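Now for the letters of each chain:
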Amino acid sequence: MTIAAYADSANDSQVDREPFVTRGVQKAHLPNGLTVITKELHDKPLVATMMWYRVGSRNEEVGQTGKSHFLEHMLFKGTNRYKKGEIDQITLRNGGANNAFTWLDYTAYYFTFASDRWEAALEIEANRMRHTTFAVEEFELEKRVVQEELRIGLDGPWEALENEVWATAFREHPYHWPTVGWLQDLESATAADMKAYYDKWYHPRNAVVVLAGDFNTGEALAKIERLFGHIPAGPETRPLTTIEPPQRGEKRVVVRRKTPVERLLIGYHAPPVGHPDSYALHVAENILSTGKASRLYRRLVEKDRSVTLARATFGDHIDPSLFYIQAELKPSFRPGDVERAILEEVERLKAQAVSLAEIEKAKRQIEADLVLSNEEPLHQAILLGQYETIAIAKHLPFASRGYKYLATMVDNIWAVTGDDLARAAREYLSEDNRTIGFLTDGQGSPPGSGLMREAQPHPSMAVRARVGKSAFRSDGPRAGSHSTADDSSAAARNRRSAGQGIHLDVKRLVLPNGLTLLISEKHSVPSVVINAVVRAGSRFEPGEKAGLASLIAEVLDEGTTTRSSEQIAEAIESVGGRIGTASDYQASGVMISLLAKDFAIGLSIAADLLINPAFPGDKVELHKERRAAQIKSRLDLPRVMASDVFNELVFKGTPQHRPSIGYLETVQRLTRDDVVSFHQRYYVPNNTIVAIVGDVDAHAVTSQVEDAFANWASAAGFRAPEVMKPVRQREPVQKFVTAEKEQVNIFVGHVGVERTNPDYYALLVMDTILGSSPGFTSRIPRVLRDEQGLAYSTFSNITSSAGIDPGRFVAYIGTAPQNLERAVAGIRAEIARIVREPVSADEVQAAVDYLTGNFVFDFQTNPQIAEFLIDTEVYGLGFDYLERYPEMIRAISADDVARVARRYLDPERLTTVVVGPVDASGKTIKKE
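Residues numbered from 1 in each chain as written. Predicted model: local features only at pLDDT ≥ 70, side-chain atom pairs only at ≥ 80, totals over all residues. Heavy atoms only, no water.

### Details of the overall build of the protein
Across its full length, the protein carries 31 helices and 24 strands. Taken against the 2.2 N^0.38 rule, which gives 30 Å for 928 residues, the C-alpha radius of gyration of the protein at 27 Å falls within 12% of a compact globule. Projecting the C-alpha coordinates of the protein onto the three principal axes gives extents of approximately 75 × 70 × 70 Å. Taking all 928 residues of the protein together, 63% fall into the buried category. In the protein, the proportion of contacts linking residues at least 24 apart, taken out of those at least 6 apart, comes to 84%. Carbon and sulfur atoms form 50% of the exposed surface of the protein, whose accessible area is close to 34,100 Å². Between the averaged position of the 108 positive side-chain charges in the protein and that of its 123 negative side-chain charges there is a distance of 3 Å. (Helix = DSSP H or I, 4+ residues; strand = E, 2+ residues; numbered from the N terminus. Rg over C-alpha atoms; globule rule 2.2 N^0.38 Å. Buried < 20%, exposed > 50% of the residue type's maximum accessible area, 1.4 Å probe, protein only. Contact = heavy atoms within 4.5 Å. Areas by Shrake-Rupley, 256 points an atom, 1.4 Å probe, with all protein chains shown as cover. Lys, Arg positive; Asp, Glu negative; His and termini not counted. Charge placed at Lys NZ, Arg CZ, Asp CG, Glu CD.)

### A look at the pairing of strand β2 (residues 25-29)
Regular strands show a simple pattern: their side chains alternate between the two faces of the sheet. As paired elements, β2 and strand β3 (residues 35-40) share five bridges and run antiparallel to each other. Opposite V25, over in β3, you have K39 as the bridge partner. Hairpin connection from β2 to β3: five residues lie between these consecutive antiparallel strands, with G33 at a positive phi of about 100 degrees. (Pairing = 2+ DSSP bridges.)

### Focus: the sheet that holds strand β21 (residues 744-751)
Taken in spatial order, the five strands make up an open sheet running β20-β24-β21-β23-β22, and their pairing is mixed. Across the chains shown, the open sheet's two edge strands, defined by having one partner strand only, are β20 (733-738) and β22 (794-797). Between one strand axis and the next, the sheet turns through 10 degrees on average, direction left out of account. Note that β21 and strand β24 (residues 911-916) share five bridges and pair antiparallel. The residue bridging V748 from the neighbouring strand is T912, located in β24. Docked against the sheet, helix α25 (residues 760-772) engages β22 and β23 (808-815), running at close to 160 degrees with respect to β22. (Axes fitted to C-alpha atoms, helices over the stretch in contact; angles between N-to-C directions.)

### Considering the confidence of the model for the protein
Detailed reading of the predicted coordinates is not advisable wherever pLDDT is low. Chain-level statistics for the protein give a pLDDT mean of 90 and a share of 91% at 70 or above. Every residue in residues 1-17 scores below 50 in pLDDT, and together they form 26 contacts with partners more than four places removed in sequence or on other chains. In the model, residues 449-499 has pLDDT below 50 throughout and makes 182 contacts with residues more than four positions away in sequence or in other chains. (pLDDT = per-residue confidence, 0-100.)

### Concerning helix α31 (residues 894-904)
Within α31, the full set of buried residues consists of D896, V897, A898, V900, A901 and Y904. At its buried positions, α31 is contacted by β21, α25, α27 (820-836) and α28 (841-854).

This is how it looks when you write it as structure tokens:
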């Protein structure tokens, strides 16, 4: 019997009523039990291929934790067909990306390729499903890499607190331990153990293939049957029977560590995916913390002014998990006071009827998020695969199991009533059902009457990844390459199709007041983005007013002369839209994403924010207080600390040396007059670019924009001030900063180049060879991580920070303190090697293949395209850049790479910054 006989697709008469993400989805089964989910999307020349296995940390046993995650790493280390590194080489040569992630309930692997070469992904997945090798030497090497990943988690304050709260809340269920596992279990693991675990779980009957993108379903199904159909179904696995017993009283846990900012996390036991009460809790999650109009924001951030962050999270899982609320405190507030405020808001949710308007706003936010978060084929594949994997409970109606859960979820969300919401809150958000955790460096115990457990951070703690936030490997998408065809064929495909299928019709117009308008219609998704950018960031602020530009951006949406802060938030959030205001070194502005039908609302607010901000004095002070706390919070992030210190040294004497967020002393001195003055000078139409991308009509949009900005007067004779630019240092510099952390975070480099530098494209190729191809195909990650096992994350680049002014050339590695000298020497050696030794023609060709083939991935979403339009305007790239870019990259030779390496890299005059357990001389500080 063929695969086609098992296909089941949505009834055509129902398609129009389905959510965007499930429209056109088909499901099939192979006789050996393999499930196949396909969704054709022909608006982008891309295909995302995913392989999901129904095994995660919930399937592990005491003493064997972390196996699912460790196994994920090993599937990149070689098979009987692909040697170590070849999977990455295949991906690289074909201009794609690959990666994997492990979570509580599953492990997933993905590839993204242009649509003329995606089938290589299926061949790899079919082979490594049963033919992964577990060479002892590779196993031990990768164990060191995972240990470094553990240390990253140990150095993260939220990870430390989350681990202890989950471990305290769950006594018996495997959700007790983090996905990465406990360090002692990792240290004792063997290659034989891992092979046995692989043999138990990695089989067709326990797997789901998901395809989303530009392919033909019939041809894809035939290919899948040919590659996977002969693989035996594999053993039946015993379902998990461990049930967490009801919690009979509040629990408390304290994590003590050196920190400038205290944190609080409250977790409540909550039902599994698809439970009738889960929909009400998703609505409650949005009411409590989605947007500035949410209850926790208004209470804790605006009214009490006690926190910089307050957020509720409720994720879908196979088994009952946690609904949790977290808060990051301002330094002058006590955890007990913030706890009481949060619990008051929870009690209000139970005791007082929630208005119909507030409930419906939350429902629209959930519904709109399914569109706004899933423009990319990969994101759709992730969503479909996740629910096909977890929505398996018997309490779910058959029509809501697997990916079809998504087709019924919106209806179930809209069916939630005020009574349902109150009942679910009373049932689950109760005192006896909660665990409260504090992270503090104080000596006194936070108040509370429940069971208090003291949790000292120790080497067994590990990061607990969160889906949608940090479930992906933090060193970014992997790239790889080699091909089932020979290299010349791969290169030929790149010549044919780099940029193929990417076509942007761009309308450019300069309004009478000088505002530049860029519009691109894109009708594949019913959404639109408005990105309005003022060309003024921290680059133009005086040194004594560092942080001013970003403070202005933060206060932009806190009220105008026509709308209050609350009205702005309600207008956007009530239609499920998103609004963000931000500033960096070069620019400031506002971005609004919403459904296309609500475009007029978004445009009206974007114009109002730019033209008529009121900058209320109390809001300015509120954000100054938050900013001061955020500056202190950065001291908990060693990689951020190291980056800041590096910039201070490399860009000394120029505006780039300071962080856009400013310094504590400069922010505290800022006044509302400073804010108004900067806005009046730089927020003018002839210094502004507005990019609009999405499901709109360009002609109609032009008229609407002209009306919206008609009364914004041009600034006569406006000229941007001259800014001092950095020059490369003339001698080596070293600085060691002491921080009580598990890793040393190392930055090495010097001043880089401007974006308009004619050698930019040769430097892109150099970056790809030296340290910027995702995965372990470039030299620094391959040598320092994949061959020596020194790090989980390491990279280098010079082009990514190139802007109006020269950016920075930087190489980074985070490693254990005992590896400090070896890591620094390794980075310096690779920098020197690319300067002094010729790169090979093969390396250049692989980099060219990757850069030209991967170009298409920069144009998947409305925000990506809007950013491209703005960059095109700022740097004068020209709207024919899409056609010219591939040829500019293909023109780069090995001699060009050698020339730019010699010209722009200086291995004898590098700045080296180390932050971690070291003293001022660089000597490692041993733990007591």
